[in-house]
Amino acid sequence: MNYQKLETKLIACQIELTNACALQRCAECAWRFMQRPIGNMDINLAKTIIDGIVEIFGQSINFNLNGLGEGLSYPHLAEVIRYIGQKAPQGRIELFTSLIGPPERITDVCKALLEVNNNVLLATTCHIRDDEGNILKKTANHFQFPTVYNLLGNISRIDLHVATNVSIHTTEEDIKTFNDVFLPILGKDKVHVIERLDPWLEYIRPFAKECSDVTGPAVCDYPFKVMHILYDGRVNLCCTDDATVELEIGQIKAKEDIKAIWQSPVMELIRSKHNDLDVWCQKPCNSCGRTKGYLKR
């Protein structure tokens, strides 16, 4: 069976500014299995990381401001967005959010996105039910889509999407209500009902009607293309490993650490294993839905 080996070229830096979340018990999320203490990234560390990434990899790097937490729980989110706008105006800013947070922070974040010149992917997820099948009251009462749409909905460089995820608890009425609300506003190309869930190293499989397992041997591009940084500066292999951090690569304390970690022998060995489709003994890759199709598994 043919497949394409990958070359190492960083295209995105994924920064977990916080692992706090107001919802906590969404049926489709691994947050409730997290074994790490709750914390926020020091704003000076965030700026150090942004500076280092831009100096090493250039101004066109994408900054994905997501981890296992809710970005709007981070008190300095707007400041970070403005800083990226100054340092990497050619890069894209990506923010995945449940739109649950202080109204004044959401407004400030929207204003920051208006001030920068970056292209933006703003992907909002309407989390409907918890892991026991109950309606999430914070979503029902505090989902602040109208504020975001009124400020950002007609800005061409801001790609605004809304999604909901289908778990074993999702009802047909849930999906109908979601579509009835958002399809008339955004249209079918930007409204998504996600039926295949990320298994999150098997944590979410019992709650999914279907999982997004990759059955072909395509090489997982995360070790080659994305650096994933936790709020305390630790670098783990990817966001799928955020609940337990089975594979910590290193820790960023200064700009120089970024290049050293990205080019480290540990990362090169992991890349070699993926290119050889041989991760059966490599945790956590050997229990990930992205590598189900690897020939030597």
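Residues numbered from 1 in each chain as written. Predicted model: local features only at pLDDT ≥ 70, side-chain atom pairs only at ≥ 80, totals over all residues. Heavy atoms only, no water.

Before going further, it helps to spend a moment on the overall build of the chain. Of the regular secondary structure elements, the chain holds 9 helices and 9 strands. Relative to a compact globule of 297 residues, whose C-alpha radius of gyration would be 19 Å, the chain shows 19 Å and is just as compact. When its C-alpha atoms are laid out on the principal axes, the chain stretches across 50 × 45 × 35 Å. A burial count over the chain gives 54% of its 297 residues as buried. In the chain, the proportion of contacts linking residues at least 24 apart, taken out of those at least 6 apart, comes to 73%. Taken as two groups, the 33 positive and 37 negative side-chain charges of the chain have centres that lie 2 Å from each other. (Helix = DSSP H or I, 4+ residues; strand = E, 2+ residues; numbered from the N terminus. Rg over C-alpha atoms; globule rule 2.2 N^0.38 Å. Buried < 20%, exposed > 50% of the residue type's maximum accessible area, 1.4 Å probe, protein only. Contact = heavy atoms within 4.5 Å. Lys, Arg positive; Asp, Glu negative; His and termini not counted. Charge placed at Lys NZ, Arg CZ, Asp CG, Glu CD.)

Here the focus is the sheet that holds strand β7 (residues 226-229). A sheet is described by the order of its strands in space; here 9 strands give the open sequence β6-β5-β4-β3-β2-β1-β7-β8-β9, paired in mixed fashion. Either end of the sheet is taken by a strand with one partner, and the two such strands are β6 (191-194) and β9 (248-251). On average, adjacent strands in this sheet sit at an angle of 25 degrees to one another, irrespective of strand direction. (Pairing = 2+ DSSP bridges. Axes fitted to C-alpha atoms, helices over the stretch in contact; angles between N-to-C directions.)

Here we come to helix α6 (residues 172-186). Helix length check: α6 (15 residues) gives 21 Å between terminal C-alpha atoms against 21 Å at 1.5 Å per residue, within 8%. Bending of α6 peaks at approximately 25 degrees at the position of Asp180, with proline Pro184 no more than four residues after it. Those residues of α6 not exposed but buried are Asp174, Ile175, Phe178, Phe182 and Leu186. Taken together, the buried residues of α6 touch α5 (145-152), β5 (158-165) and β6. Trailing α6 by a residue or two, Gly187 shows a phi angle of about 90 degrees, which is positive. (Expected span 1.5 Å × (residues − 1). Bend = angle between axes of the 7 residues up to and from the residue.)

Of all hydrophobic cores here, the largest spans 88 residues; its most connected members are Met41, Phe63, Leu65 and Met227. Considering every element that reaches this core, the biggest residue donor is helix α1 (residues 43-57), with 7 residues. Beyond its immediate chain neighbours, meaning those up to four positions away, Phe63 contacts Cys13, Ile15, Ile50, Ile53, Val54, Ile84, Ala88, Arg92, Ile93 and Glu94. (Core = buried A, V, L, I, M, F, W, Y, C linked by side-chain atoms within 4.5 Å.)

The next point concerns the packing of α1 against helix α2 (residues 77-87). One way to put it is that α1 packs onto α2 with a least axis distance of 10 Å and a crossing angle of 25 degrees. Accordingly, the angle class assigned to the pair α1 and α2 is roughly parallel. For the pair α1 and α2, the crossing hand works out as right-handed. Here Ile43, Ala46, Lys47, Ile50, Asp51 and Val54 of α1 come into contact with α2, specifically with Glu79, Val80, Tyr83, Ile84 and Lys87. Classifying every residue of the contact of α1 with α2 by side-chain character gives 7 nonpolar, no polar and 4 charged. (Parallel < 35°, antiparallel > 145°, perpendicular 65-115°, else oblique. Left-handed = near helix turned anticlockwise from the far one by under 90°. Nonpolar A, V, L, I, M, F, W, Y, C, P; charged D, E, K, R; others polar.)

With that settled, consider empty space enclosed by the protein. Going through the model one piece at a time under the given rule, you end up with 4 cavities of 30 Å³ or more. Computed from the structure, the largest cavity encloses a volume of approximately 70 Å³. The wall of the largest cavity is formed by Leu201, Cys220, Tyr222, Leu237, Cys238, Thr240, His274, Pro284, Cys285, Cys288, Arg290 and Thr291. Considering only residue class, the lining of the largest cavity consists of 8 nonpolar, 3 polar and 1 charged. (1 Å grid on protein atoms, 1.4 Å probe; cavity = no way out; pocket = protein on both sides within 12 Å on 5 of 7 lines; lining within 4 Å. Points joined across faces, edges and corners; volume = space filled by probe spheres on them.)

Looking now at the pattern of salt bridges. For the structure shown, the criterion picks out 21 salt bridges. Taking the shortest distance from any N to any O, the salt bridge between Glu55 and Lys255 comes out at 2.9 Å. Highlighted residues: Glu55 in helix α1 and Lys255 in the loop between β9 and α8 (256-262), separated in sequence by 200 residues. You can call Glu55 exposed: its relative accessible area is 55%. A residue is classified by how much of its surface remains accessible, and Lys255, at 29% relative accessible area, is partly exposed. Linked through salt bridges whose partners overlap, the residues forming this network are Glu202, Arg205, Asp213 and Lys292. (Salt bridge = Lys/Arg side-chain N within 4 Å of Asp/Glu carboxyl O.)

Following the sequence through the fold, Asn275 ends up in helix α9 (residues 265-275). Exposure remark for Asn275: the relative accessible area of 12% places this residue in the buried category. Those residues in contact with Asn275 that lie beyond four places of it in its chain are Tyr3, Lys5, Leu6, Val219 and Phe224.

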